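Structural overview
Residues per chain, in single letters:
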Amino acid sequence: MPSLTRHEAQLRSELISVNRMEVDLDLDRGADHFHSQTRITFTCARPGASTFVDVKPVELRSMVLNGRPVDVATLADGRVELTDLAAENVLEAQAVMGYSRDGQGLHRATDPADNQDYVYGHLFLDAGPRVFACFDQPDLKAPYAVSVTAPPAWLVVGNGAATQVTPGRWELAETRPLATYFVTVCAGPYASVRDEHDGVPLGIHARASLREALEREAPQMLEVTKASLDYYHGLFGIRYPFGEYHQVFVPEFNAGAMENPGCVTFRDTYVFRGAAARDEVLARSNTITHEMAHMWFGDLVTMRWWDDLWLNESFAEYMAHRTCVEATEFTDAWVDSTVARKAWGYAAERTPSTHPVAGSPALDAQSALQDFDGISYAKGAAALRQLIAHIGDEAFIAGVTAYLREHSFANGTLADFLGAMERASGRDLTSWSRAWLLTAGADVISVDRSTGSVSRIAPQAFPADRPHTFDVAGYDGGVERFRVPVTVTADHTVVEALRAAADVELVVPNAGDLTWATVLLDPLTVEALPTALAAVPDAQARAVVWVALVDGVCLGQTDPRVMVRAFGAAWPQEDSDSVLNRTAATLLGRVIPTFLPESEHDWALEMVAHAASRLLASSAPGSTHALLAARTLARSSADEALLHAWADGTGLPAGLEGDSDFRWIVVRNLAGRGWTDRVGVEAVLSRDDTLQGRLGALTALAALPDPESKAWAWRELTTNRHRSNYELNALAQGFWVSGGLEVLRPYVARYFEDVPAMTAWVGEDAMARVATLAYPGRVVEPETLSASQGTLERGELTAAVRRAVVDGQSELREALSSRAAFR
Ligand SMILES: [Zn+2]
């Protein structure tokens, strides 16, 4: 179906204004369909003109414009032409709509724990017409009056406060003006925890089978919610504008969360049913405060068109970390940002799909989705930090507040935002924004100890003159010997203090991680890492070093074995849970399986398992470090007796007794090594027949290394149209992690045939994930690269699949080059 183009959106918003949306949904029509009635009141600037309304129903029952029927047979490509508009118009539509399984539109899931059904709306980015007829573009905002009919035992939550007027019949308070993509309804027998803060009613909701976990986790979530609300009220000086504030943890959600005004939706794996590491609670807190930042930036003021989506995300990404540091217990949130978020952004920067933070012309709505990546979030946030270093925090906040006030309940653009910043700071930001926002690529920053010079090299493909403000630190024997603030505006900058302290063990450029750059560590520093890294007293600097190591490995400058050895030596002594978790994930998920030849996997896994055992032995039982160590050991261990004992529930580390999620990590390792079979996996499933358990089982079954299991998993992945988005991801996650190359090799060609074909029934948002997870990057051979390249050259891929192939191919190329360079 064609996606709305920028030009069409421009013409339509010049022609019409939407005054009010009335939406009535009947969710009590069985598991496949729901009924949708819409009444749109809108004006037209040129009476007599035509436009079109967006609607993507199973069946369009009727449409009436100003009392006269519109021929429903004219529905084509999700649009109905509306002719001869009056100055004031009323459009009424009745349709039968389909629930989705791919997380877009109105998603419906059954919880196997109790066979209860749950529904949630995710209308981002252009799924609104799958729920109700509308003019689906971000700058046609209108107040919504929503009513819902649902089975009588269900709870209904949405953007406006919901009241049950008769059993099963709900009226939601009319909202302030909203963009179509922010409208949501969540309905089902959700369990709830309610509270109130500063006059704002708060609700947290999750599936009934998660009630116990919800009640255990809610106090921490509410604490962060309240702290964030206070912080934003103080910072922006504008009250939270959308009435009640509900946070609904929904099943099979594609993203982390979605900032629907008054009704934020989250993936429900955030309601930890088992043990949670501190950095996972940090990540959840960060998401809570990220979504709340959007209430002002994104929801109150919305971008005019999708090409400014980055501004929403960069701002919320920056603001969430700032809020965690300043208003919650997570004062190390920037460390987490370095290893979890910026590492993601640098990876995006290394692939050919990289793009400038801003100014990518989203010619249609769908193409904007492709820029929704580590560049828009992490690099954009880093650029905002550099902007603050450039103009000062006071000017930044004054500019933000002015922008929010000026465009409240309306729309803004990058030009509006920069204009507000220029007025607040009295500075011309033209060249700053050209270098930082409108040019792709990361500069390489390094230090020459002998000359004391800091060099900055812009990537050849994207020449730029980016000013950087950051610091360089030196460490010796676990002591910070110096820390020098540096402002770099040329390719070589001599810093006298550096020359004076050239003999230290480690020199870390960008030690405080204030800027966005590829940090190239000098050879003496790399050499000293295995012995000296763990002693660096500053977690932020250690995080920068780890990310530099990963960058070095991926760019073919550092032997992956150096990272494995540094991990073996430094990881058991690491103190930051974010660093522990992310470095283990990167090593186990990418560096070992793809950069090292198959013959060295056992050695490297043994190194990881040994490091994990050491940390487990030295950590307080039940602590976050012990948990991260146990999980890392469960993923890497080749100790069959230990794994079987843990799977059976004996000899488990403290706090992991009865932890189903931990058991699935163990079972996945057992399955991948062929030390259990389908019967064994199903026996574990019978003890945990839940949504999570079924996903764990699918991953384990797909990981079984024999050809029959691989054939089954591939069939389920690529042909079973009833599989949900999460089930597809689970199958893809397990498929490539095990089995010899001779078993996996035939599926390289199959990927390029079978996965693109799935777009016939899987939406783009879900496809982006499954096509990435299913990419055959584990078969690190030139033939995989040529099959991939051939597919790209043939064209005919959807934007999401194409992006997955481009990025997967880029990672494959990195692994191939590294293997060739370091034999
Ligand atoms: Zn966001």
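Details of the structure are given in the entry above.
I will try to describe carefully the structure that is included in this document. What you see is a predicted model, and the numbers here were worked out from it, not measured in a lab. Every chain is numbered independently, its residues counted from 1 as its sequence is written. Where local features are concerned, this predicted model is filtered to residues with pLDDT of at least 70; where side-chain atom pairs are given and counted, the filter is 80 or more; whole-chain, interface and lining totals use all residues. With hydrogens and water set aside, each side-chain value is computed from the structure's full complement of heavy atoms.

Before going further, it helps to examine helix H12 (residues 523-532). Residues of H12 that are buried: Thr525, Ala528, Leu529 and Ala532. On an axial view of H12, the arc spanned by its buried residues comes to 140 degrees, and they lie on one face. The exposed residues of H12 that point more than 90 degrees off its buried face are Pro523, Glu527 and Thr531. By definition, residues are in contact when any of their heavy atoms lie within 4.5 Å. Secondary structure follows DSSP: runs of H or I at least 4 residues long count as helices, runs of E at least 2 residues long count as strands, and numbering of each begins at the N terminus. Among the structural elements, strand E27 (506-509) and helix H13 (539-554) are those in contact with the buried residues of H12. Note on classification: 1.4 Å probe, protein chains only; a residue is buried when its accessible area is under 20% of the maximum for its type, exposed when over 50%, partly exposed between these limits. This arc is taken over the directions from the axis of the helix to the C-beta atoms.

Turning our attention to the nonpolar core. The nonpolar core is taken to be a set of buried Ala, Val, Leu, Ile, Met, Phe, Trp, Tyr and Cys residues, with the residues joined through side-chain atoms within 4.5 Å. Residues Leu27, Trp296, Trp306 and Phe396 are the most contacted members of the largest nonpolar core, which totals 269 residues. Apart from residues no more than four positions distant in its own chain, Phe396 is found in contact with Phe315, Tyr318, Met319, Leu384, Leu387, Ile388, Ile391, Phe417 and Met421. Counting residues in hydrophobic clusters, the runner-up holds 15 residues, among them Ile445, Val495, Val507 and Ala517.

Note on ring pairs: Phe, Tyr and Trp rings are taken, using the six-membered ring of Trp, and paired if centres are within 6.5 Å. Classes follow the plane angle, with under 30 degrees stacked, over 60 edge-to-face and the rest tilted. Applying the stated criterion across every chain yields a total of 42 aromatic pairs. Ring centres of Phe266 and Tyr270 lie 6.5 Å apart, and the angle between their planes is 75 degrees; this geometry places the pair in the edge-to-face category. Residue Tyr270 is classed as buried on the basis of its relative accessible area of 14%. Ring geometry for Phe297 and Phe315: centres 3.8 Å apart, planes at 15 degrees, overall stacked. Of this pair, Phe297 sits in the loop between helix H3 (278-296) and strand E20 (301-303) while Phe315 sits in helix H4 (residues 309-327); the two residues are 18 residues apart in sequence, bridging distant segments of the chain. Taking the relative accessible area as the measure of exposure, Phe297 reaches 2% and is therefore buried. Residue classification places Phe315 among the buried residues on the basis of a relative accessible area of 0%. A ring is scored as having a charge over it whenever the NZ atom of a lysine or the CZ atom of an arginine sits within 6 Å of its centre and within 35 degrees of its normal. Note that Arg385 overlies the ring of Trp334, its terminal NZ or CZ placed 3.7 Å from the centroid. A cation over a ring is seen here: Lys710 above Phe735, with NZ or CZ 5.1 Å from the ring centre.

Quick look at the side chain of His601 now. Structurally, His601 can be placed in helix H16 (residues 601-618). Among residues more than four places away in sequence, those in contact with His601 are Ile592, Pro593, Leu596 and Arg819.

One open sheet accounts for five strands, arranged E15-E16-E17-E19-E18; its pairing is mixed. Among the strands making up the open sheet, the edge pair consists of strand E15 (191-197) and strand E18 (257-258). As paired strands, strand E16 (residues 200-206) and strand E17 (residues 245-250) are joined by four bridges and run parallel to one another. From the neighbouring strand, His205 faces E17, where its bridge partner is Val248. The sheet contacts of helix H2 (residues 211-236) involve E15, E16 and E17, and relative to E15 the element is tilted by about 25 degrees. Paired strands, in this sense, are two strands between which DSSP finds at least two bridges. Orientation is described by lines fitted to C-alpha atoms, with helices fitted over the stretch in contact, and by angles between N-to-C directions that extend from 0 to 180 degrees.

Moving on: the pattern of salt bridges. Working definition: two side chains of opposite charge can pair if their charged atoms are close together. Should a side-chain nitrogen of Lys or Arg be within 4 Å of a carboxyl oxygen of Asp or Glu, the pair is scored as a salt bridge. One pass over the full model with this rule turns up 60 salt bridges. Across the pair Arg39 and Glu22 runs a salt bridge whose closest N-O atoms are separated by 3.3 Å. Taken together, the residues span a long stretch of sequence, with Arg39 in strand E2 (residues 33-44) and Glu22 in strand E1 (residues 16-26) at a distance of 17 residues. We classify Arg39 as partly exposed; its relative accessible area is 33%. Among the residues examined, Glu22 registers a relative accessible area of 24% and is labelled partly exposed.

What follows is about the coordination of the zinc ion. Within the protein, the zinc ion binds to His290 (NE2), His294 (NE2) and Glu313 (OE); these donor distances fall in the range 2.0 to 2.1 Å. Only nitrogen, oxygen and sulfur atoms count as donors, using a 2.8 Å cut-off from the metal that widens to 3.2 Å for Na, K and Ca. Water is left out, so coordination shells may look unfilled. All donors to the zinc ion come from one chain, and their sequence spacing reads H-x3-H-x18-E. Placement of both His290 and His294 in helix H3 is noted, with a separation of four residues, approximately one turn of the helix. Here His290 falls in the buried class, since its relative accessible area comes to 6%. For His294, a relative accessible area of 0% translates into the label buried.

This part is about the pairing of strand E19 (residues 263-267). With four of five residues buried, E19 lies mostly within the body of the structure. Inspection of the sheet shows E17 paired to E19 by five bridges, in the parallel sense. By the bridge assignment for E19, Val248 is matched with Thr265. Bridge count for E18 against E19 is two bridges, and the pairing is antiparallel. Bridged to Ala257 within E19 is Phe266.

Of the residues making up helix H18 (residues 640-648), those classed as buried are Leu643, Trp646 and Ala647. Down the axis, H18 shows its buried residues gathered within 100 degrees of arc, on one side only. Opposite the packed face of H18, turned more than 90 degrees from it, sit the exposed residues Ala641 and Asp648. Elements in contact with the buried residues of H18: H16, helix H17 (624-636) and helix H19 (660-672). Measuring from the side-chain oxygen of the N-cap residue of H18 to the backbone nitrogen of Ala641 gives 3.2 Å; that N-cap residue is Asp639. At the exit of H18 stands Gly649, carrying a positive phi of roughly 90 degrees. Each polar contact in these results corresponds to two N or O atoms within 3.5 Å; when the atoms are within protein, one needs to be able to donate a hydrogen and the other to accept it, and residues that are neighboring in sequence are counted only if both atoms are side-chain atoms.

Purely spatial values, then, with no claim about function.
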